[in-house]
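Here is what each chain is made of, one letter per residue.
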Amino acid sequence: MTQYEANFDGLVGPTHNYAGLSFGNVASLNNASSSSSPKQAAKQGLKKMKALADLGMIQGVLAPQERPDIHSLRRLGFNGSDAQVLEAAAKHAPAIFQASCSASSMWTANAATVSPSADTHDGKIHFTPANLTSKYHRSLEPEVTGRILQATFSDPEYFCHHKHLPENDHFGDEGAANHTRLCASYGDTGLEVFVYGKQAFDLSQSAPKKYPARQTLEASQAVARLHGLKDENVVYIQQNPELIDQGVFHNDVISVGNQNALFYHELAFNHSDNALQQIRKKFKGKELHFICVKESDVSVQDAINSYLFNTQIITLPSGDMAIIAPTNCQENPTVESYLSKLVSQDTPIKQVKYFDVKQSMQNGGGPACLRLRVAMNEHELAAVNPHTLINDQQFKVLNSWVEKHYRDELKIADLSDPQLLVESRTALDELTQILDLGSVYPFQQI
Ligand code: SUG
């Protein structure tokens, strides 16, 4: 049976902005209050999706969330009409207000953890939305993310959806950003590699000191249990806490895997030798490629600035792998030279393709943050909501939809404009029809 790995990218929402909301994510802090372009951001994302579809990949799209999140502001005691809620929150609690306006659901690597049917106890694809408890603005996402995932993967014969984990720092879960699956081919049982930042119930263990560890071991273990993964097919590895303190706020900022290749920085993991040995021992395929980048080749700082590891490694229909990198890698001479050497070496990665996703990068989101991977066989693919798959037609429709509804420029002060709320809801209402999602948004359920 034919097997695929589909990428479901997050569509950038109409309120994409830079509010400096993510302590520990250096790009987010550095660009706080810069003006953004929601239109450009959405188009950059769509262009990457179309390019991957043109390469013969299965490419899907996940809808953004409703922002400003009036519902969450009402829960915090702001009342009156929607316009009054906006005005009062922006005036009396500007930081909370800005958090309620973030388009952060665009980074769908944080939407959920997904285990393909070859790995799970019941032979279905399992989804657990991430609770994203570490950041208030992101903790607003899981409920609606769950609904969007259910509307995209709705057939219970093939897909099993769990509720997000308990909303507490002890179970802080950031989804696929800290999860990689290694396998011989997509349809084979894989080794699911969960990378955590700290152990929440054992404070004697090492943990970062300056910035938060957003993923806990206990959360990763709970997801593995929910998905019915066998112990022999799972490893738990700790991220190097010193790197979290340098701004590596997720594992996908310092390592990425695809099939039998793991591309990582030599300082990525705590007790690295032991971690890699566990992977080697449990990996069931024949050949495993550890592609280790030395600090002397590319420093951690260069990796963070360029997002060398927030690249997507994809397997092209030809069987070769390609690395999808942000143009920021091309603009960094050390990283560019590393990548051009990499594709000529004896690894499965044979091509590098650069994409301008700068609007996302300025908030700390590279190509890999923008996508959620779902490995599927042809029956499962046939059960996916077809309107969420990118082809020439859907690309055109979505581009025109962005053109029609999105602003060219957005400043923090614009977020309290009641007209922006109207524009966003109008756009999203139309989008649910384009993608055939049903009423997934709170404003559609009143
Ligand atoms: O959660 N940035 C996101 C970036 C997510 C990147 N995802 C992965 N690495 N998988 C975050 O920190 C910034 C929003 C702002 O500051 O306006 C933000 O949420």
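Below: a short report on this structure. (Residues numbered from 1 in each chain as written. Predicted model: local features only at pLDDT ≥ 70, side-chain atom pairs only at ≥ 80, totals over all residues. Heavy atoms only, no water.)

**Here we look at the overall build of the protein chain**
- Counting secondary structure elements, the protein chain contains 17 helices and 15 strands.
- Radius of gyration (C-alpha) of the protein chain: 20 Å, near the 22 Å computed for a compact globule of 446 residues.
- By its C-alpha atoms, the protein chain is 60 × 45 × 45 Å across when sized along the principal axes.
- Sequence separation of at least 24 residues holds for 76% of the intrachain contacts in the protein chain that already meet a minimum separation of 6.
- When the accessible area of the protein chain is evaluated, it comes to approximately 16,900 Å², of which 48% is carbon and sulfur surface.
- The distance from the centre of the 38 positive side-chain charges to the centre of the 49 negative ones in the protein chain is 1 Å. (Helix = DSSP H or I, 4+ residues; strand = E, 2+ residues; numbered from the N terminus. Rg over C-alpha atoms; globule rule 2.2 N^0.38 Å. Contact = heavy atoms within 4.5 Å. Areas by Shrake-Rupley, 256 points an atom, 1.4 Å probe, with all protein chains shown as cover. Lys, Arg positive; Asp, Glu negative; His and termini not counted. Charge placed at Lys NZ, Arg CZ, Asp CG, Glu CD.)

**Some details on the sheet that holds strand 2 (residues 59-62)**
- Strand order in this open sheet of three strands is 2-1-15, and the pairing throughout is mixed. Edge strands, defined here as strands with exactly one partner in the open sheet, are strand 2 and strand 15 (371-377). With strand direction ignored, the average angle separating the axes of adjacent strands in the sheet is 30°.
- Contacts from helix 2 (residues 38-54) reach strand 1 (3-10), strand 2 and strand 15 within the one sheet, and its direction differs from that of strand 2 by about 155°. (Pairing = 2+ DSSP bridges. Axes fitted to C-alpha atoms, helices over the stretch in contact; angles between N-to-C directions.)

**What to know about the nonpolar core**
- Of all hydrophobic cores here, the largest spans 95 residues; its most connected members are Phe8, Phe263, Leu308, Leu398, Leu431 and Tyr441.
- Considering each element in turn, this core owes the most residues, five residues, to helix 2.
- Sequence-distant contacts of tyrosine 441, that is, excluding residues within four places in its chain, are made with Ala63, Pro64, Gln65, Glu66, Val144, Arg147, Ile148, Leu428, Leu431 and Thr432.
- Membership of the second largest hydrophobic core comes to 15 residues, among which are Val85, Ala89, Ala93 and Phe97. (Core = buried A, V, L, I, M, F, W, Y, C linked by side-chain atoms within 4.5 Å. Buried < 20%, exposed > 50% of the residue type's maximum accessible area, 1.4 Å probe, protein only.)

**Concerning the site of the ligand**
- The environment of the ligand is formed by 22 residues, the closest being Leu21, Ser22, His137, Arg214 and Asp252.
- Within the backbone of alanine 19, an N or O atom sits 2.9 Å from an oxygen atom of the ligand.
- Contacts to the ligand include arginine 138, whose side-chain N or O atom sits 2.9 Å from an oxygen atom.
- Across the complex, the protein chains shield 100% of the 490 Å² of accessible surface that the ligand would expose by itself.
- Within the shell around the ligand, the residues separate by chemical class into eight nonpolar, eleven polar and three charged. (Near = heavy atom within 4 Å. Polar contact = N/O pair within 3.5 Å; in protein donor to acceptor, adjacent residues only side chain to side chain. Nonpolar A, V, L, I, M, F, W, Y, C, P; charged D, E, K, R; others polar.)

**Examining the packing of aromatic side chains**
- Tallying each qualifying case throughout the model produces 14 aromatic pairs.
- Their ring planes at 90° and their centres at 6.1 Å tell us that tyrosine 264 and phenylalanine 290 sit as a pair that is edge-to-face. Linking tyrosine 264 in strand 10 (residues 261-265) with phenylalanine 290 in strand 11 (residues 289-293), this pair joins segments that are 26 residues apart in sequence.
- For tyrosine 264, a relative accessible area of 5% translates into the label buried.
- On the basis of an interplanar angle of 10° and a centroid distance of 5.8 Å, the ring pair of tyrosine 441 and phenylalanine 443 is categorised as stacked. Exposure class is identical for tyrosine 441 and phenylalanine 443. Each is buried.
- In textbook terms, an aromatic cluster arises when at least three aromatic residues are bridged by ring pairs, as seen for Phe8, Phe127, Phe153, Tyr158 and Phe159.
- Sitting over the face of the ring of phenylalanine 395, lysine 50 holds its NZ or CZ atom 5.5 Å from the ring centroid. (Phe/Tyr/Trp six-rings, centres within 6.5 Å; stacked < 30°, edge-to-face > 60°. Lys NZ or Arg CZ within 6 Å of the ring centre and 35° of its normal.)

**Regarding the side chain of glutamine 65**
- Residue placement: glutamine 65 occurs in the loop between strand 2 and helix 3 (70-75).
- Since its relative accessible area comes to 5%, glutamine 65 is described here as buried.
- Within the local environment of glutamine 65, its side chain forms a polar contact with the side chain of threonine 145, the two groups lying 2.9 Å apart.
- Dropping the residues within four chain positions of it, glutamine 65 is found in contact with Ser105, Leu140, Glu141, Val144, Thr145, Leu428 and Tyr441.

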